[in-house]
Structure formats: C-alpha cells, structure tokens
Amino acid sequence: MQLSASLFLTRHELKAQPALMGEAAAREGRYFDLCLVGWTANHETARMTAEEVVFSSGRPTMILPGEKDVGTIGHVVIAWDGSRVAARAVADAKPFLEPASAVSIVTVTDEKVLPRQDIGERLAHGLGARGLRAKAESIHTGKNEIGIALQEHAVKIGGNLLVMGGWGHSRLRDFVLGGATEGILSDLRLPVLMSH
C-alpha cells in the first residue's frame, strides 16, 4: 500500500485458537493508531477476526481484500449518513484524506431516513474549511444491498479506499450488524476503513 505521506508500520505475529484470533487481534490493536486486517471471501475466521477488531479494538480498522494489490490510495470515498459512527470514521481517516488527490462524499438516499437533505454538502463544506477539497453526491441502492451499492459506486468513480462507520452491537457475543457493515464484510471489493 502506498501513500503520499510517510507511515511507520509494525507487524506482530499472534498465536491463538482460530475462534479466539479476533479477540487477541483486537486486544493487541489497542496499542496502535490503525489496525490492518486481511479479508478472504468465504473464510469465516477472517470475517470473525475483522468483526472483532472493528468492534472491540477501539481503533480504526482497514480491511484489505486478500487477493488484490491495494496500490496507491489517491481517491478516498466517504460513506456519509450524518451518524456518530460516520463522523468518527471521517476523523479517523484524516491521515488518508490529507494526502488524497480526490475525496468523494457519498450519501445513500433510499436506504434510511437521513437527518436532512444536504448532509453530504455540509460535510464537504466542513472538510473544505480544513483545506480538503471534497465533492458530495447522492446515490440510490437500486436492487443492491447498501454495502454492495457503496462499493460498486466507489469502484465506478475510481475510489481506492472506502471510509465508513461500522454499525453493530453484540448480543452475547453474537454480532448484529447494520446493513452496510454486513454488506461490506460479506463481499469486500476494495479496501475499507471502518470505525465504530
């Protein structure tokens, strides 16, 4: 993965039973600024690890598609619904937003009730006040689930990274995920920075 800014990366090898890998990774991730988690289609341990790290580490987590070369992250796409978790994700994405050549804010308008109509434009204005150029647009899910619609749109407009809030809660350690989070963790198509 290449960025315009310099980052210092460390790597730790963890040993744990497959069922406890996510818990061990989340606990270790609390000591760092960002967690990187690999994802592989139809691999339950990878998915459980990603879920646990997103929801239990307290750190932003970048989920990386295992078979794809990430390349340069130049166009960041923000999935924006005006929620607390989306705002947290935008704040956590600052190291990726500042060097980005393009920032797109995408609001899905037919999935749930939004706080107001101009939320994407308001975020673009706020980012602009911090020196970041961002454009806002609205999309519809159409026949797709929201997580798939967001990823398809991000890929279509040339996005290299999707930033979004992770919504979910634990019910006796069984995750109940929000629609967009479920869609991302079921079918990851590009790197996703998720915060909870």
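Analysis parameters
Residues numbered from 1 in each chain as written. Predicted model: local features only at pLDDT ≥ 70, side-chain atom pairs only at ≥ 80, totals over all residues. Heavy atoms only, no water. Helix = DSSP H or I, 4+ residues; strand = E, 2+ residues; numbered from the N terminus. Contact = heavy atoms within 4.5 Å. Areas by Shrake-Rupley, 256 points an atom, 1.4 Å probe, with all protein chains shown as cover. Expected span 1.5 Å × (residues − 1). Buried < 20%, exposed > 50% of the residue type's maximum accessible area, 1.4 Å probe, protein only. Core = buried A, V, L, I, M, F, W, Y, C linked by side-chain atoms within 4.5 Å. Salt bridge = Lys/Arg side-chain N within 4 Å of Asp/Glu carboxyl O. Pairing = 2+ DSSP bridges. Axes fitted to C-alpha atoms, helices over the stretch in contact; angles between N-to-C directions.

## Structural notes on the overall build of the chain
Here's step 1: Counting its regular elements, the chain contains 7 helices and 9 strands.
Here's step 2: Counting contacts in the chain only where the partners sit at least 6 residues apart, residues at least 24 apart contribute 77% of the total.
Here's step 3: Of the roughly 10800 Å² of accessible surface on the chain, 50% is carried by carbon and sulfur atoms.

## Looking at the environment of alanine 86
Here's step 1: Topologically, alanine 86 is positioned in helix α3 (residues 84-92).
Here's step 2: When residues no more than four places from it in sequence are discounted, the contact partners of alanine 86 are Ala79, Trp80, Asp81 and Gly165.

## Side note on helix α2 (residues 44-56)
Here's step 1: The terminal C-alpha atoms of α2, which comprises 13 residues, lie 18 Å apart, in line with the 18 Å expected from a rise of 1.5 Å per residue.
Here's step 2: Residues of α2 that are buried include every one of Ala46, Arg47, Thr49, Ala50, Glu51, Glu52, Val53, Val54 and Phe55, and no others.
Here's step 3: Following α2 by one or two positions, glycine 58 adopts a phi angle in the positive range, close to 75 degrees.

## Observations concerning helix α6 (residues 146-156)
Here's step 1: Buried residues dominate α6, accounting for 8 of its 11 residues.
Here's step 2: Buried within α6 we find Ile146, Gly147, Ile148, Ala149, Leu150, Gln151, His153 and Ala154.

## A word on the environment of serine 138
Here's step 1: One can find serine 138 in strand β5 (residues 134-139).
Here's step 2: By relative accessible area, serine 138 is classed as partly exposed at 48%.
Here's step 3: Spatially, the C-alpha atom of serine 138 lies 6.4 Å from that of threonine 109, the residues being 29 residues apart in sequence.
Here's step 4: Here serine 138 is in contact with Thr107 and Thr109, once residues within four sequence places are set aside.

## Points about the nonpolar core
Here's step 1: Ile63, Leu150, Leu162, Met164, Ile184, Val192 and Met194 are the most contacted members of the largest nonpolar core, which has 26 residues in total.
Here's step 2: Top element by residues in this core is α2. It accounts for 4 residues.
Here's step 3: Within the second largest apolar cluster, 24 residues are counted, among which are Met62, Ala86, Ala100 and Ile119.

## Details of the pattern of salt bridges
Here's step 1: One pass over the full model with this rule turns up 7 salt bridges.
Here's step 2: The partner of arginine 189 in a salt bridge is glutamate 152, with the nearest N and O atoms 3.0 Å apart. Taken together, the residues span a long stretch of sequence, with arginine 189 in the loop between α7 (179-186) and β9 (192-195) and glutamate 152 in helix α6 at a distance of 37 residues.
Here's step 3: Owing to a relative accessible area of 27%, arginine 189 belongs among the partly exposed residues under this scheme.
Here's step 4: Judged by relative accessible area, which is 35%, glutamate 152 ranks as partly exposed.
Here's step 5: Here aspartate 187 and arginine 189 are joined by a salt bridge, their closest N and O atoms 2.7 Å apart.
Here's step 6: With a relative accessible area of 28%, aspartate 187 lands in the partly exposed category.
Here's step 7: Linked through salt bridges whose partners overlap, the residues forming this network are Glu152, Asp187 and Arg189.

## Topic: the pairing of strand β3 (residues 75-79)
Here's step 1: With respect to burial, β3 is a largely interior element, 5 of its 5 residues being buried.
Here's step 2: Side chains of β3 alternate between two faces, with His75, Val77 and Ala79 and Val76 and Ile78 buried alike.
Here's step 3: Strand direction decides the pairing type here: β3 and strand β4 (residues 102-108), joined by 5 bridges, are parallel. Across the sheet, isoleucine 78 pairs through a bridge with isoleucine 105, a residue of β4.
Here's step 4: Looking at chain direction, β3 and strand β6 (residues 161-165) are connected through 3 bridges and run parallel. Within β6, the position partnered with isoleucine 78 by the bridge is valine 163.

## Examining the sheet that holds β5
The strands making up a sheet associate through backbone hydrogen bonding, with each pair oriented either parallel or antiparallel.
Here's step 1: Read from one edge to the other, the open sheet built from 7 strands follows the order β1-β2-β9-β6-β3-β4-β5, with strand pairing classed as mixed. Each of the sheet's edge strands pairs with one partner strand only, and the pair in question is β1 (35-39) and β5. Taking the axes of each pair of neighbouring strands and ignoring which way they run, one obtains an average angle of 25 degrees across the sheet.
Here's step 2: Bridge count between strand β2 (residues 61-65) and β9: 3 bridges; the pairing is antiparallel. Residue pairing for β9: methionine 62 is matched across the bridge by leucine 193.
Here's step 3: Here helix α5 (residues 119-129) sits on the sheet in contact with β3, β4 and β5, set at roughly 155 degrees to β4.

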